[in-house]
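# Secondary and tertiary structure notes
As a plain string of letters, each chain reads:
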Amino acid sequence: MNIANFDLNLLRVLDMLLREQNVSRAAERLALTQPTVSNALARLRDLLGDPLLVRVGRRMRPTPRALALEGPIRAALLQIEQTLGAGDSFDPQLSHRQLRLALTDFAEQLCMSKLLPTLQTQAPHLRVDVLHLTPNLPAEALDRGEIDLVLGRFDDVPARYERRHWRSETLHVAVRQGHPEVNGTLDLQAFLALRHLWVHGGQTRGMVDQWLGEQGLARRIVYTTPNYLQAAHLAASSDLCVVLPTALARHFARLLPLQVLDLPFALEPFQLELVYLAHRQHDPALSWLVARIMEIGAS
């Protein structure tokens, strides 16, 4: 295809059609008439040689070709928008921007409790929406601009993303005070004898169970949850033990009747990282927020 003959405004229409999957709603959001959007869709179908959206019942569904185009087109439009706006001034005291972050409840507790006072004083109108972070990097949502920033632990991060080390974290064991099987320390035999609560976070195997498996050992897991915060409360009100990130374990030991103990074996620290699209570093609002979060990690 010769790009010189392609009306790039059609990409905005296609992006909105794929978001809304409805011609009338896409037209409304684009401030265009419905016939104008229908005509643009017809031109796109002709240029790309694909129906792009097909009616299924009362909705329009994207074709495989449209789904393949959705992420790259949205990323390209976002990059153009950010590039053109790179020279715009950003005043955190006046900005009404909305930024979306994907975090685990653990990272949210570590970061947002310290970030909120900063937002209140330095950026009172900035809106931050926190979304649940799955174990895998939400690459498609980042590419489409549905998420601006993620904070978590990731193994593989594609080169198109900026990744910044935020902090290192270790693990400790938490059990309720007065636990009948714990007298202030834990050896490996005592650890394995306990009934365990595991915070799986969507994973099939965590660091503790990987180490135990390499030794030909296994612990007795009787309860699983995806939620670190709930896990601490459950451990405080039962005889279950839970392995928590050290900062979180110590935080809850100040609030709940919990005792925090060393793991009876050594594990390497794990790393938490900030990840966002590399070209978004030109977005002044996002850059400002990244700088504040990095300050929290350094402290």
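Model, not experiment: these values are computed from the prediction. (Residues numbered from 1 in each chain as written. Predicted model: local features only at pLDDT ≥ 70, side-chain atom pairs only at ≥ 80, totals over all residues. Heavy atoms only, no water.)

### Some thoughts on the packing of helix α1 (residues 9-20) against helix α2 (residues 23-30)
Running from N to C, α1 and α2 point in directions that differ by 125°, and their axes come no closer than 9 Å. Taken together, the axes of α1 and α2 lie oblique to each other. As α1 runs across α2, the sense of the crossing is right-handed. Between α1, through R12, V13, M16, L17 and E20, and α2, the contact on the second element is made entirely by V23, R25, A26, R29 and L30. Grouping the constituent residues of the contact of α1 with α2 by class yields 6 nonpolar, no polar and 4 charged. (Axes fitted to C-alpha atoms, helices over the stretch in contact; angles between N-to-C directions. Helix = DSSP H or I, 4+ residues; strand = E, 2+ residues; numbered from the N terminus. Parallel < 35°, antiparallel > 145°, perpendicular 65-115°, else oblique. Left-handed = near helix turned anticlockwise from the far one by under 90°. Contact = heavy atoms within 4.5 Å. Nonpolar A, V, L, I, M, F, W, Y, C, P; charged D, E, K, R; others polar.)

### Considerations on the UniProt feature "domain: HTH lysR-type" (unreviewed entry) in the protein chain
Following the UniProt record, the feature "domain: HTH lysR-type" (unreviewed entry) maps to residues 6-63 here. With 60% helix and 14% strand, residues 6-63 has its two end C-alpha atoms placed 21 Å apart. (UniProt positions renumbered as here; feature names shortened; annotations may be inferred.)

### Section: the side chain of H172
Here H172 is to be found in strand β7 (residues 171-176). Apart from the residues lying within four places of it in its own chain, the contact partners of H172 are V242, V243, L244, T246, R250, V260, L261 and D262.

### Notes on the sheet that holds strand β3 (residues 98-103)
Strand order in the open sheet made by the 5 strands is β4-β3-β5-β12-β6, with mixed pairing throughout. Taken across any chain shown, the strands that pair with only one partner, and hence form the sheet edges, are β4 (127-132) and β6 (161-169). Strand-to-strand, the axes of this sheet are offset by a mean angle of 20°, without reference to chain direction. As judged from the 6 bridges shared by β3 and β4, these two strands associate in the parallel manner. Bridge pairing links L99 to V128 in β4. Against the sheet, helix α5 (residues 105-122) makes contact with β3, β4, β5 (149-152), β6 and β12 (270-277), and its axis sits at roughly 100° relative to β6, the strand it touches most. (Pairing = 2+ DSSP bridges.)

### A closer look at α1
Here α1 contains 12 residues, and its C-alpha end-to-end distance of 17 Å stays within 8% of the 16 Å for a straight helix at 1.5 Å per residue. Q21 occupies a position one or two residues after α1 and carries a positive phi of about 55°. (Expected span 1.5 Å × (residues − 1).)

### Observations concerning the packing of aromatic side chains
Enumeration according to the criterion identifies 4 aromatic pairs in this entry. With a centroid separation of 4.1 Å and 5° between ring planes, the pair formed by W211 and F265 is classed as stacked. Within this pair, whereas W211 is found in helix α8 (residues 207-214), its partner F265 is found in the loop between β11 (258-261) and β12, the two being separated by 54 residues in sequence. An aromatic cluster is present here, built from F191, W211 and F265 joined pairwise through their rings. Here R167 stacks its cationic end above the ring of W166, 6.0 Å away from the centre of that ring. (Phe/Tyr/Trp six-rings, centres within 6.5 Å; stacked < 30°, edge-to-face > 60°. Lys NZ or Arg CZ within 6 Å of the ring centre and 35° of its normal.)

### Let's talk about the nonpolar core
Membership of the largest hydrophobic core comes to 58 residues, with the highest contact counts inside it found for L149, W166, V173, F191, V242, L289 and I293. The element that contributes the greatest number of residues to this core is helix α11 (residues 284-298), accounting for 8 residues. Counting contributing residues, this core receives three or more from each of domain 2 (98-168 + 271-298) and domain 3 (171-268). Ignoring anything within four residues of it in the chain, the contact list for F191 reads V173, L186, H196, V208, L212, R219, V243, L263, P264 and F265. Formed by 22 residues, the second largest nonpolar core is a distinct cluster that contains L10, L53, A66 and I73. (Core = buried A, V, L, I, M, F, W, Y, C linked by side-chain atoms within 4.5 Å. Buried < 20%, exposed > 50% of the residue type's maximum accessible area, 1.4 Å probe, protein only. Domains from an automatic or database assignment.)

### Things to note about the pattern of salt bridges
Oppositely charged side chains may form a pair once their charged atoms are brought near each other. If you walk through the whole model with that rule in mind, you get 17 salt bridges. In this structure, the salt-bridge partner of R74 is E146, at a minimum N-O distance of 3.6 Å. Of this pair, R74 sits in helix α4 (residues 64-84) while E146 is found in the loop between α6 (139-143) and β5, placing the two residues 72 residues apart along the sequence. For R74, a relative accessible area of 3% corresponds to the buried category. Residue classification places E146 among the partly exposed positions, given a relative accessible area of 31%. Across the pair D143 and R160 runs a salt bridge whose closest N-O atoms are separated by 2.8 Å. Of this pair, D143 sits in helix α6 while R160 sits in the loop between β5 and β6, and the two are 17 residues apart along the sequence. Residues joined in a network through salt bridges with shared partners are D15, R19, E70, R74 and E146. (Salt bridge = Lys/Arg side-chain N within 4 Å of Asp/Glu carboxyl O.)

### With respect to the domain arrangement of the protein chain
Considered domain by domain, the protein chain is made up of domain 1 (3-85), domain 2 (98-168 + 271-298) and domain 3 (171-268). Summarising the inter-unit geometry, the C-alpha centres of domain 2 and domain 3 are found 28 Å apart. Together domain 2 and domain 3 conceal approximately 800 Å² of surface at their shared face, both sides included; 66% is due to carbon and sulfur atoms. Considering only the surface of domain 2 that becomes buried against domain 3, D105, F106 and Q109 emerge as the three largest contributors, covering 59% of it. (Buried area = accessible area lost by both parts, 1.4 Å probe.)

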